[in-house]
Amino acid sequence: MDAALERALSIADLRAIARRRLPRSVFEFIDGGAEDELTLADNRAAFERVRIVPRVLVDVSAPDLATDIVGTPAAAPFVVAPMGSCALGWPGADLAIAKAAAAHGIPYTLSTMSNTGLERIADAVQGPLWFQLYVLRDRAFNAALVQRAWAAGYGTLVVTVDLPAGGKRERDLRNGVSIPLRMTPRHLWEGITHPGWAWRMARGGRPEFENVRGLLGDHSAGLTIAAKVGQNLDASYGWDDLAALRNSWPGRLLVKGVEHADDAERLAALGVDGIWVSNHGGRQLDGAQASADALAEIARRLAGRLPLLVDSGVRRGVDALKARMLGAQAVAIGRAALFGACAGGEAGAHRAIAILLGELRLAMQLAGVATLTDARRAGLSATQM
Ligand code: FNR
């Protein structure tokens, strides 16, 4: 492992390495959020506000991190969140992160907008794999994609519902980020000033979007792939469509991007297998409430009727313990894993997950929590009750 990765103690350290190694436009595409980034900041702040009241005199000599996550046995309460366009930061990042997740025994969610296709990931990865669906206007294409995922062995489908349109990410607009990157003079200069990244990109070749290749046709003709997918997003997708998906998908179905307890109630009635509380890492509606706050309310309303996952702002292992205490089965990690991959490919992603697991193990010991089923025996401070 390279020395900088070995020295990295925290996700913040890995983010700092990724920031140094990536051109600014690529780093900001990953790191940034929508508009004034209020939700981006509040996601983190909400996890930081949660305070634990530890228990003492508990045998915590061997904390047990293992848990079930919506029917998938996992070594720890973490899932990798779906992320598109990761190859902008590190060629082959999808596979690098998926392998790191498998090595740690946690599920990996492959995005519709991954660069590496779902079949290639399934062939190369030995761990639990979930597939994420963006609902596109072409219903026949959606159906075929979902069938491909099932045929390739993805037993859990995650349908993302907080992206009827792309959020307004001003950093990307200012930086002229297009996907795939078009070589403007600015991007050429960024390549010259980040030779390691430029060399890897040249060797990796132009990133494709293998899952959606058939849909988008020839993307040399004017629009970028992202713009074409943007034009293809189905903003009319509603409850009846989701009910139809529930009826046709034989595996487990999770709905990602839920923030309102009324929606969570209705999803429970519709028969989904789990709810993924998320505001897309602050990349969609700026002004949306923080996910940890939404989780607390949704968990109160559902009172254990459905498994809950939460993401947006997880940067420390203790966040998984906090989420567990607030009522989630697990947390999903987006940028935390991707910062690792951008800092050093598979070794970097591996390091990111190892850091989070190590922090969680220690947090459980210090909170007097021997197993995750006991998590609620430690208290939350009065302000969170
Ligand atoms: C995302 N996210 C996302 N979500 C999704 O459902 N499909 C996708 O293709 C993507 N793509 C994507 C790309 C990048 C670069 C990022 C950072 C995020 C959102 C992701 O799944 C998750 O909800 C957030 O990343 C969680 O927030 P944190 O952990 O990054 O703070």
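This one's a predicted model, so the numbers in the text were calculated from it and none came from an experiment.

The rules behind the values
- Residues numbered from 1 in each chain as written.
- Predicted model: local features only at pLDDT ≥ 70, side-chain atom pairs only at ≥ 80, totals over all residues.
- Near = placed C-beta within 6 Å.
- Nonpolar A, V, L, I, M, F, W, Y, C, P; charged D, E, K, R; others polar.
- Buried ≥ 20, exposed ≤ 12 C-beta atoms within 10 Å, placed from the backbone.
- Helix = DSSP H or I, 4+ residues; strand = E, 2+ residues; numbered from the N terminus.
- Pairing = 2+ DSSP bridges.
- Core = buried A, V, L, I, M, F, W, Y, C linked by C-beta atoms within 7 Å.
- Contact = placed C-beta atoms within 7 Å.
- UniProt positions renumbered as here; feature names shortened; annotations may be inferred.
- Right-handed = clockwise from strand over helix to strand, strands pointing away.
- Axes fitted to C-alpha atoms, helices over the stretch in contact; angles between N-to-C directions.
- Parallel < 35°, antiparallel > 145°, perpendicular 65-115°, else oblique.
- Left-handed = near helix turned anticlockwise from the far one by under 90°.
- Expected span 1.5 Å × (residues − 1).
- Arc of directions from axis to C-beta.
- pLDDT = per-residue confidence, 0-100.

### Some thoughts on the site of the ligand
So, step 1. By nearness alone, 23 residues border the ligand, and Ala81, Gly84, Ser111, Gly281 and Gly334 come closest of all.
So, step 2. Classifying every residue of the shell around the ligand gives eight nonpolar, 11 polar and four charged.

### Side note on the pairing of strand E11 (residues 330-333)
So, step 1. Burial of the side chains of E11 extends over both faces: Ala330 and Ala332 are buried on one face and Val331 and Ile333 on the other.
So, step 2. Direction of pairing for strand E4 (residues 78-80) relative to E11: parallel, over a ladder of three bridges. By the bridge assignment, Val80 is partnered in E11 with Ile333.
So, step 3. Pairing of strand E10 (residues 308-310) with E11 involves two bridges; the strand directions are parallel. Directly across from Leu309, in E11, lies its bridge partner Ala330.

### Comments concerning the nonpolar core
So, step 1. Of all hydrophobic cores here, the largest spans 121 residues; its most connected members are Ile97, Ile275 and Leu295.
So, step 2. At 17 residues, helix H17 (residues 335-367) tops the list of elements feeding residues into this core.
So, step 3. The residues touching Ile275, leaving out its near neighbours within four places in the chain, are Val255, Val258, Ala264, Leu267, Ile298, Leu306 and Leu308.

### Looking at the environment of Pro195
So, step 1. Following the sequence through the fold, Pro195 ends up in helix H10 (residues 195-204).
So, step 2. For the pair Pro195 and Tyr154, spaced 41 residues apart in sequence, the C-alpha separation works out to 37 Å.

### With respect to the UniProt feature "binding site: glyoxylate" (unreviewed entry) in the protein
So, step 1. When the UniProt feature table is mapped to this numbering, "binding site: glyoxylate" (unreviewed entry) covers Gln132, Tyr134, Arg169, His280 and Arg283.
So, step 2. Mapped onto the elements of the fold, Gln132 is located in strand E6 (residues 129-134).
So, step 3. We classify Gln132 as buried; it has 26 C-beta atoms within 10 Å.
So, step 4. For His280, the location among the structural elements is in the loop between strand E9 (274-277) and helix H15 (291-302).
So, step 5. Not counting the four nearest positions on each side in its chain, His280 is found in contact with Asp162, Leu163 and Gly257.

### Some words on the pairing of E9
So, step 1. In E9, alternate side chains face the same way, and those of Gly274 and Trp276 on one face and Ile275 and Val277 on the other are all buried.
So, step 2. Pairing analysis gives four bridges linking strand E8 (residues 252-258) to E9, with the strands arranged parallel. Within the sheet, the bridge partner assigned to Lys256 lies in E9 and is Trp276.
So, step 3. Handedness of the crossover is the feature at issue here: the chain leaves E8, passes through helix H14 (residues 261-270), returns alongside E9, and the resulting connection is right-handed.
So, step 4. For the handedness criterion, the β-α-β arrangement of E9, H15 and E10 is classed as right-handed.

### So, unusual backbone geometry
So, step 1. One non-glycine residue, Glu35, lies in positive phi territory at about 45°.
So, step 2. Of note, Glu35 is situated in the loop between helix H3 (24-31) and helix H4 (38-49).
So, step 3. On the neighbour-count criterion, Glu35 (15 C-beta atoms within 10 Å) is partly exposed.

### Side note on the environment of Ala165
So, step 1. Following the sequence through the fold, Ala165 ends up in the loop between strand E7 (156-160) and helix H8 (170-175).
So, step 2. Ala165 sits in the exposed class, given 9 other C-beta atoms within 10 Å.
So, step 3. Each C-alpha atom of the pair Ala165 and Val272 lies 23 Å from the other, and the pair is 107 residues apart in sequence.

### Some words on the environment of Val161
So, step 1. Assignment of secondary structure puts Val161 in the loop between E7 and H8.
So, step 2. Taking C-alpha positions, Val161 is 9.5 Å from Ala235, a pair spaced 74 residues apart along the chain.
So, step 3. Val161 has contacts with Val255, Lys256 and Gly257, leaving out every residue within four places of it along the chain.

### Things to note about the packing of helix H16 (residues 317-326) against H17
So, step 1. Running from N to C, H16 and H17 point in directions that differ by 55°, and their axes come no closer than 6 Å. Taken together, H16 and H17 sit at an angle that is classed as oblique. As H16 runs across H17, the sense of the crossing is right-handed. The residues of H17 that touch H16, namely those facing Gly317, Val318, Ala320 and Leu321, are Leu356, Leu357, Gly358, Glu359, Leu360, Ala363, Met364 and Ala367.
So, step 2. Per-class residue counts for the contact of H16 with H17 are nine nonpolar, two polar and one charged.

### Quick word on helix H7 (residues 139-151)
So, step 1. With 13 residues, H7 ought to run about 18 Å at 1.5 Å a step, and its terminal C-alpha atoms sit 18 Å apart, in line with that.
So, step 2. Among all positions in H7, only Asn142, Leu145 and Ala149 are buried. The buried residues of H7 occupy one face: seen down the axis, they fall within an arc of 65°. Opposite its buried face, H7 presents the exposed residues Ala140, Gln147 and Ala151, each directed more than 90 degrees away.

### Digging into H4
So, step 1. The end-to-end C-alpha distance of H4, which contains 12 residues, comes to 16 Å, matching closely the 16 Å that a straight helix rising 1.5 Å per residue would cover.
So, step 2. Listed as buried for H4 are Thr39, Leu40, Asp42, Asn43, Ala46 and Phe47.
So, step 3. Residues of H4 that are buried in the fold lie against H15 and H16.

### Things to note about the confidence of the model for the protein
So, step 1. With 95% of its residues at a pLDDT of at least 70, the protein reaches an overall mean of 93.
So, step 2. ipTM for the predicted complex: 1.00, alongside a pTM of 0.96.

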